[in-house]
Amino acid sequence: MSARLQETDDVLHEVQERFEAARDFEAQWRKRALEDLRFFHADAYNHAQWDSAVYQARSGTFGGSPRPCLTINKVQQHVFQIENDARQSQMGMKVNATGFGSTEKAADVIEGIIRHIEYQSNAQQNAYNCAIQGQVRQGMGWVHVVTDYVRGQDSFDQDFFIKSVPDPRSVYSDPNTQEPDHSDMQWAMIVEEMPRAEFERLYPGHEDVKGAPLSIATDSDDRTDATERDIVRVFRYYRRSEEKDTLWACPIPQPDGSVVTQPMRESEMPPEMVDMCRVMKAQSRSITRPQVEFFLIAGNEVISSGLTVFQHIPLVPFVGVESVIDGRLDRCGLVRSLIDPQRMFNYSASAFVESIATQTKSPWLVDERSIEGYENQWANANTSNQAWLPYRSIDPDTSEALQAPQRLDPPTGSTGHMQAMQNADLQMQMVTGQYQAEMGAPGNEKSGKAINERQRQSDTANYHYTDNQGMALRLLGRILIAAIPLVYDTARAVQVLGMDGTQSSAIVDPQAAQAAQVVLPPGPDGQPAQPQQNLTFEQQLAQEGAILAVNPTIGRYDVEADVGPAFATRRQDTFNSLMQVLQANPAIMAQIGDLFFKAADFPLADEIADRLKPASDDPRLGQAEQTIQQLKAQLQQVGQQLKDKQADLALRADKQRHDQVIDLMDAHSDRDKAETDRMAALGSIAPDELRPVLAALVREVLQEQGYHGPAAQPDAAPEDLRRLPSTNPPGGPIHAPNPVTGAVDA
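Below or above, wherever it landed, is the structure these notes cover.

Helices and strands together make up the secondary structure of the protein chain, namely 20 helices and 19 strands. When contacts within the protein chain are restricted to residue pairs at least 6 apart in sequence, those whose partners lie at least 24 apart make up 67%. Split by element, the accessible area of the protein chain, about 46,200 Å² in all, is 53% carbon and sulfur.

Okay, here's the thing in structure tokens:
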């Protein structure tokens, strides 16, 4: 026997044992759940709310005249009250960052991704509603999480889809679970039957598969050979196992010479590092990683199998009321407690109608002489709508006055039957906690607070359904959070859906250095631009072309369920509250006007909110202010550089002038030295030879002083200068001293 065949036999044997264990453990619930479902869907044709023996006796099956068997189904309204309240609520998940490098921004993106998964799966209308119907009607509902290729794209990328399970009784789960949310399930299977043509279309190449596995067929299986050929039973079997590993505290040397200890799995370490840790006797411990295997079984053949990306069984239960008594499981919803009061109501209503039907119609009290000759008209008086009825007022024989015919009082129904109907209706309200005020009937409550308090009492009576829905959503969120890093294992753009329905884009990059960071478009050089470090995260994200990138492999996240009112309801409540605040203090409109219109739900409300928004709230203003500050700093830096440049130029000019002065002084010194040397040489020259030298020297001096007279001195001998005529002879008064009086003693 080959290993492959042995493995198949082992899986089939395991499925057989677990199927029988779950079937025996849940047998009581499965039988009663089917009866509850039939009771809920009872009507005037199937009479499913009547006991079969009572119905046969009243319908005349065993003889006798038929009697009324009315079905006035009030169960549906009580069930719909809970189901429709859940429909109006916004079922969702809130993701929180819980450390190890996680951030709130990354948590918001993961939350938006999960919300987008719900949106593309239409989970609110399909999977969740179907599960809630099973929870309230039969005591258990399920949703199924699967992975599949992205639809509508030629891509190998996969995504998550939340599927509905129409029949909760088709799921067989681990009977040894202890947690209320069944998160510790070690296995579960979905058993469905489909026409063979549909099976061959979905799974071609397996036409020889028999309809039902022989190893699972039981004595109560009423399949015939014809049915065996036309119907195929398919098992979707999940089992959870633990992959053992070792966690090492690996010493990692740092550039500065220090050593940092980092935990690493042995399966992810190279053999050399493992040997080094063993030699260094590094700290270690044994760990396990949960993994889920999937097997698709049809007949006695395993069609496909393999590991999944999940760490929990991807089947999430919506539990109603669950109990285990004497080793027997039982679950129930709201229908179970309404069975007897509903039957009382149907029986009382039928008896009331029967009592009316068996009574005679209102007869006429007449003197036979007064209707003589009009017998036919009076015989049809209760069956025909005649405009008038003739009668004789005088006896034609005796001329005696006859009394006019009189109608007797009509028959009345039994007041006991009416009281029984009212009691049955009251008992239905008592067992469900849904009284007439909660069902829409007018009550004594007048104020909004009183009405809300009455509604809260009804919600409290059935809050276990809402709480169990939140418990299921929390498990679903944990399943998705653990599996997202394994499906989004390459960088891709994803759609993020906000709580208010707004869509945005983000990048999931497992190679990112941080849990959340801002990525800018490439610059002119083709390289990704780096965001400015002195800006806040919101300011960086507000830059043109900026997009948020998250790494789901960094950090740890947890989820909490939100099964409160829908966003539209909360938005309306917020608007009403703000309206009351503004009515009490209209002056505050200047501070919260944008928030008031943002909560409004009429056309152009968002545009009005944008116009009223304070400029300080605009992230672009902060970015502009930051840019202005940067420009001012740059301007100051340029001004300082200009001053430094001017000072440098001034120093250079001063140095140049100093050098010119030094050069000029050196030139004068050289010239003076030359003159000194020349004068020394003149002392040794004869007078006749000295004359032309002196003349040249004089001319040179005159030219330096700016004199441009004759180029040469006359060769004639100099003459005596003639004295000009004057009336003041030499030695006259003009030349006499003029002492200051008192300066010299007389």
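The final tally for this structure, using the stated rule, is 29 salt bridges. Note that R58 is salt-bridged to E354, the shortest N-O span being 3.5 Å. Within this pair, whereas R58 is found in helix α3 (residues 52-58), its partner E354 is found in helix α10 (residues 334-358), the two being separated by 296 residues in sequence. For the residue pair R58 and E354, the accessibility class agrees, reading buried in each case. The residue R137 makes a salt bridge to E83 at a minimum N-O spacing of 2.8 Å. Of this pair, R137 sits in helix α6 (residues 124-138) while E83 sits in helix α4 (residues 75-88); the two residues are 54 residues apart in sequence, bridging distant segments of the chain. Judged on exposure class, the residue R137 and its partner E83 are both buried. Because the salt bridges share partners, they merge into one network encompassing E14, R18, R239 and E293.

Moving on: the environment of E198. Structurally, E198 is set in helix α7 (residues 196-202). For the pair E198 and V232, spaced 34 residues apart in sequence, the C-alpha separation works out to 9.2 Å. Within polar-contact distance, the side chain of E198 engages the side chain of R201 at 2.6 Å.

This next bit is on the side chain of N73. One can find N73 in the loop between α3 and α4. With a relative accessible area of 18%, N73 lands in the buried category. Only 3.1 Å separates the side chain of N73 from the backbone nitrogen of V75, close enough to count as a polar contact. Excluding anything up to four places from it in sequence, N73 contacts F39, F40, H41, A42, Q49 and Q342.

This part covers helix α5 (residues 104-121). Between its first and last C-alpha atoms α5 spans 26 Å; for 18 residues at 1.5 Å apiece the expected length is 26 Å, and the two agree. Burial runs high along α5: 13 of the 18 residues are buried. N122 lies just past α5 and shows a positive phi near 50°.

Attention now goes to the sheet that holds strand β18 (residues 547-550). Strand order in the open sheet formed by 4 strands is β15-β16-β18-β17, and the pairing between neighbours is mixed. Only two strands of the sheet have a single neighbouring strand rather than two, namely β15 (492-497) and β17 (516-519). Strand-to-strand twist in this sheet, taken as the mean axis angle between neighbours without regard to direction, amounts to 40°. Bridge analysis of β15 against strand β16 (residues 503-508) gives 6 bridges, and the strand direction is antiparallel. Directly across from V494, in β16, lies its bridge partner A506. Its contacts with the sheet place α5 against β15, β16, β17 and β18, and it is angled at close to 80° to β15.

Note on sheets: strands pair through backbone hydrogen bonds, and any given pair is parallel or antiparallel. Pairing is antiparallel across the open sheet formed by 3 strands, whose spatial order is β3-β2-β10. The two strands at the open ends of the sheet, each matched to only one other strand, are β3 (158-164) and β10 (315-319). Across the sheet, the axes of successive neighbouring strands diverge by a mean angle of 25°, strand direction being ignored. Looking at chain direction, strand β2 (residues 140-149) and β3 are connected through 7 bridges and run antiparallel. Considered in β3, the bridge of V145 is made with I162. Across the sheet, helix α14 (residues 463-487) touches β2, β3 and β10, and the angle it forms with β10 is around 170°.

What counts, and where the lines are drawn
The residue numbering used here restarts from 1 in each chain and proceeds along that chain's sequence as written. For a predicted model such as this one, the threshold for reporting local features is a pLDDT of at least 70, and the threshold for listing and counting side-chain atom pairs is 80 or more; totals across whole chains, interfaces and linings nevertheless cover every residue. Only hydrogens and water are set aside; all other atoms, that is, all heavy atoms of the structure, feed into the side-chain values. Secondary structure elements follow DSSP: runs of H or I of four or more residues count as helices, runs of E of two or more count as strands, with numbering from the N terminus. The criterion used for residue contact is that any of the two residues' heavy atoms lie within 4.5 Å. All accessibility values rest on the Shrake-Rupley procedure with a 1.4 Å probe; residue burial counts only the protein chains present in the view. Think of a salt bridge as a Lys or Arg side-chain nitrogen and an Asp or Glu carboxyl oxygen that are within 4 Å of each other. Exposure classes here rest on a 1.4 Å probe applied to the protein chains alone. A residue is buried below 20% of its type maximum, exposed above 50%, and partly exposed in between. In the analysis that follows, any N or O atom pair within 3.5 Å is treated as a polar contact, provided that within protein one partner can donate a hydrogen and the other can accept it, and provided that, for residues neighboring in sequence, both atoms belong to side chains. Multiplying one less than the number of residues by 1.5 Å gives the expected span of a helix. Should DSSP find at least two bridges between two strands, the strands are taken to pair. Interaxial angle, 0 to 180 degrees, is taken between N-to-C directions of lines fitted to C-alpha atoms, where a helix line uses only the stretch in contact.

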